[in-house]
Amino acid sequence: MIPTVEQVREMLATKAASLTVEREQLLAVANFLKTEPQLQFDFCSCVTAVDYIKQDCIEVVYHLYSVALKHGPLALKVRAPRALEQCRVPSLTPVWRGCEFQEREAFDLFGVKFDGHPDLRRILMWDEFVDHPMRKDYVPPMDYEWEPTPHGETLARAKAQGGVVPASVLEAKK
Amino acid sequence: MSATGIIETQTLEVSLGPQHPSTHGVFRMDVVLDGERVVKLKPVMGYLHRNHEQLAEKMAWLGSMPYTDRLDYFCSMTNNWAYALAVEKLAGIKVPERAEYIRVIMAELTRLLNHSCAVGFLFSDCGAWFTPILYALRERERILDFFETVSGARMMCNYMRFGGVRVDLNDESLTMARDLVVRWPAFLDEFEKLLLANEVFLARTQRVGILPRELAINASISGPMARASGVEYDIRKVDKYGVYDRFDFRVPVGEKGDTFDRFMIRILEMRESVKILEQALRNIPAGPFIAPEVKLRNFRVPAGDGYGRIEAPKGELGFYLVSEGGAKPYRYHVRPPSFINLTVLEDMCLGHKVADAVIILGSVDIVLGEVDR
């Protein structure tokens, strides 16, 4: 549901103005916020994701400001399931160009796929990297020598230790 | 030669960087060239990535304060302030007046050293190898000496705390700061002459790398780069954080948005910073330098999320924090200005020569510690 101008104005008067929308409506709401003459959120300052592992969802947060009317911020939030295949959100890069690199970063570190993004690649991690390190259940490798392409002795050791985490560590955790 | 008499040429793909002096750090540009003209440019970053955000999420709230120094390692003071401001906003901490003045003094000195070095490095990019930057570094050294006297460290100051600053400014250091500020306009005059009286320099920067106003806003460009394109937006004026509403200063705005404007804006901003510093050093009140009720140990922030931002020398530096009421942040996100300012690098470079791409990159003023985090 697209909010009215009055509703957004009321939100802006509160301390932490935030607006949570469904994924299907994200683009429509973003376009409304940007083009409505009384709101004019023309500046998308900050894009990031938060991994709420207990609620089993990833929340993408856009912080919007208006350069023309000098108000903000309004946090535009949208939630997606954590499972990698379903973790998809429509991209807002066509609306605000400034989302381009930041959405790539959220994809890289959280695994959120932005549908409609012109160039969705990893940006901070290298291309061969397989996981998404900012997720709360990410387990860092015990030995960075194994990344990105283990071979020779290192691969043999990695296999002997049972993949990313050595079996002895897993035993100790039990 | 083809039948039409035009020499058929192939495009050439060149990887500029990561080891290249003019890329200001380990930064790479994948450039496709048609002769000498850039037809495609893709920035590649992440060489300095250390997952700063994840490190901070595993530490106590205060624990990541020294790490923020390493974001934009030229401007540790403003990084500290942005983080402290975001936490204070979330926790509802009121900062004493003297601390606010000290913060303003530190932030504006940081702006002076950042902008003077940015302009100095531009000359290096143009080929005037290291003589002009030496003048900038000479002046920067005086500010670093001041930072060392106050905080104990030249670059990694780790100076701000939630609710104030770590140590007070005594009379001796205030005198030192006043001397610095008095000397600065003379240096600026000298430096501005280097910019304006050089025919070669003007030819290489004017009408190069134009960034239109609409694109600047749409691509979330902030700081001097946006203002050079005519976006009249300064967070010090808009948010009025700290005590910035008490100072009389102007926000210089460019007209063309070319590389020359981006550097001229920095010179003009330094003049405004000197004005702010004069007022702050004159009017600094007595009183506590840190809010006494803020605990250093076992510091906790009420549950909730918040976004705090300041006008750092390179643009809008913001922190998005989510707290669950615990001793650590649940989510800690940095909005680095120079990372986002790189979004339009390709748009600015298309059609220019490869040598211009280097100057245009210099005019974005990036620091890779912040771009890669």
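Undergrad: What should I look at first to understand the overall build of chain A in this one?
TA: Along its length, chain A carries 5 helices and 6 strands. For chain A, with 174 residues in total, the buried portion stands at 50%. Considering only contacts in chain A between residues 6 or more positions apart, those separated by 24 or more positions represent 54%. Carbon and sulfur atoms form 55% of the exposed surface of chain A, whose accessible area is close to 8300 Å².

Undergrad: Can you walk me through helix α1 (residues 5-13) of chain A in this structure?
TA: Because an α-helix completes one turn every 3.6 residues, residues spaced three or four positions apart along the sequence face the same direction. Residues and elements named next belong to chain A. Those residues of α1 not exposed but buried are Val5, Val8 and Met11. In a view along the axis of α1, the buried residues occupy a sector of 125 degrees, so they form one face of it. Away from the buried face of α1 by more than 90 degrees, exposed residues Glu6, Glu10 and Ala13 are located. The elements touched by buried residues of α1 are β1 (18-21), α2 (26-35) and β4 (71-81).

Undergrad: Whenever I open this one, the packing of aromatic side chains confuses me. Can you help?
TA: The way to describe two aromatic rings as a pair is by their centre distance and the angle between their planes. Tallied over the entire structure, the rule returns 23 aromatic pairs over all chains. Taken together, the ring pairs connect Trp81(B), Tyr101(B), Tyr241(B), Tyr244(B), Phe247(B) and Phe249(B) into an aromatic cluster. Seen from the ring of Phe101(A), Arg104(A) lies directly overhead, with NZ or CZ sitting 5.7 Å from the centre. The residue whose ring lies beneath Arg236(B) is Tyr244(B), and the NZ or CZ to ring-centre distance is 5.9 Å.

Undergrad: Explanation requested: the layout of surface pockets in the structure shown.
TA: If a probe as big as a water molecule is rolled over the atoms, it shows which places are left empty. What the second largest pocket holds in volume is close to 460 Å³. Taken together, 18 residues line the second largest pocket, and the ones lying closest to its centre are Leu85(B), Lys89(B), Asp239(B), Tyr241(B) and Gly242(B). Those elements giving two or more residues to the lining of the second largest pocket turn out to be β4 of chain A together with α3 (76-91), α4 (97-126) and β6 (304-312) of chain B. Residues of the lining of the second largest pocket, tallied by class, amount to 7 nonpolar, 3 polar and 8 charged.

Undergrad: What is the right way to look at the interface of chain A and chain B in this model?
TA: Often the size quoted for an interface is simply the accessible area lost on bringing the parts together. Each side of the interface is counted separately: chain A has 42 residues, and chain B has 42 residues. Between chain A and chain B, roughly 3500 Å² of surface is buried when both sides are summed, and carbon and sulfur atoms account for 55% of that area. The interface formed by chain A and chain B includes 5 salt bridges. Where Arg97(A) meets Asp347(B), a salt bridge forms, and the shortest distance between an N and an O atom there is 3.1 Å. Counting every contact that joins chain A to chain B gives 21 residue pairs in polar contact (both at pLDDT 80 or more). Residue assignment for the side of chain A that touches chain B shows that the elements contributing at least two residues are β2 (43-52), β3 (57-66) and α3 (99-110) of chain A. Looking at which element gives the most residues to the side of chain A that touches chain B, the answer is β2(A), with 10 residues. Its residues assigned to classes, the side of chain A that touches chain B comprises 23 nonpolar, 6 polar and 13 charged.

Undergrad: Hey, could you run me through the sheet that holds strand β2 (residues 28-34) of chain B in this one?
TA: Strands belonging to one sheet form pairs held by backbone hydrogen bonds; the direction of such a pair is parallel or antiparallel. All names here are of chain B. One open sheet accounts for 3 strands, arranged β1-β2-β3; its pairing is antiparallel. In the strand order of this sheet, the two ends are held by β1 (12-16) and β3 (37-44), each with one partner. Taking each pair of neighbouring strands and ignoring which way they run, the sheet shows an average axis angle of 20 degrees.

Undergrad: Explain a nonpolar patch on the surface here, please?
TA: Residue and element names in this part refer to chain B. Residues Trp129, Phe130 and Leu134 make up a contiguous nonpolar surface patch of roughly 340 Å² in combined accessible area. As for its position among the elements, Phe130 is in the loop between α4 and α5 (131-151). Using a relative accessible area of 34% as the deciding quantity, one classes Phe130 as partly exposed.

Undergrad: I keep staring at the nonpolar core and nothing clicks. Help me out?
TA: Among soluble globular proteins, nonpolar side chains are generally buried collectively. Ranked by size, the top nonpolar core spans 171 residues in total, and within it Leu33(A) and Tyr62(A) carry the most contacts. Ranked by residue count, the leading element in this core is α4(B), at 13 residues. Aside from chain neighbours lying at most four places away, what touches Leu33(A) is Val8(A), Leu19(A), Leu39(A), Gln40(A), Phe41(A), Leu64(A), Leu74(A) and Leu76(A).

Undergrad: I tried to follow unusual backbone geometry on my own but got confused; where do I start?
TA: Across residues other than glycine, the phi torsion is negative in most instances, and most of the peptide bonds are trans. One non-glycine residue, Lys70(A), adopts positive backbone phi at about 55 degrees. Looking at the element boundaries, Lys70(A) is found in the loop between β3 and β4. Given a relative accessible area of 40%, Lys70(A) falls into the partly exposed group. In this structure, Arg373(B) is a non-glycine residue whose phi angle is positive, near 45 degrees. Its location among the elements puts Arg373(B) in the segment after α15 (368-372). Relative accessible area serves as the criterion here: at 2%, Arg373(B) is assigned to the buried category.

Procedures and definitions
- Residues numbered from 1 in each chain as written.
- Chains lettered and ligands numbered in written order.
- Predicted model: local features only at pLDDT ≥ 70, side-chain atom pairs only at ≥ 80, totals over all residues.
- Heavy atoms only, no water.
- Helix = DSSP H or I, 4+ residues; strand = E, 2+ residues; numbered from the N terminus.
- Buried < 20%, exposed > 50% of the residue type's maximum accessible area, 1.4 Å probe, protein only.
- Contact = heavy atoms within 4.5 Å.
- Areas by Shrake-Rupley, 256 points an atom, 1.4 Å probe, with all protein chains shown as cover.
- Arc of directions from axis to C-beta.
- Phe/Tyr/Trp six-rings, centres within 6.5 Å; stacked < 30°, edge-to-face > 60°.
- Lys NZ or Arg CZ within 6 Å of the ring centre and 35° of its normal.
- 1 Å grid on protein atoms, 1.4 Å probe; cavity = no way out; pocket = protein on both sides within 12 Å on 5 of 7 lines; lining within 4 Å.
- Points joined across faces, edges and corners; volume = space filled by probe spheres on them.
- Nonpolar A, V, L, I, M, F, W, Y, C, P; charged D, E, K, R; others polar.
- Buried area = accessible area lost by both parts, 1.4 Å probe.
- Salt bridge = Lys/Arg side-chain N within 4 Å of Asp/Glu carboxyl O.
- Polar contact = N/O pair within 3.5 Å; in protein donor to acceptor, adjacent residues only side chain to side chain.
- Pairing = 2+ DSSP bridges.
- Axes fitted to C-alpha atoms, helices over the stretch in contact; angles between N-to-C directions.
- Patch = residues over 30% accessible without salt bridge, like charges linked within 9 Å, V, L, I, M, F, W, Y side chains within 5 Å.
- Core = buried A, V, L, I, M, F, W, Y, C linked by side-chain atoms within 4.5 Å.

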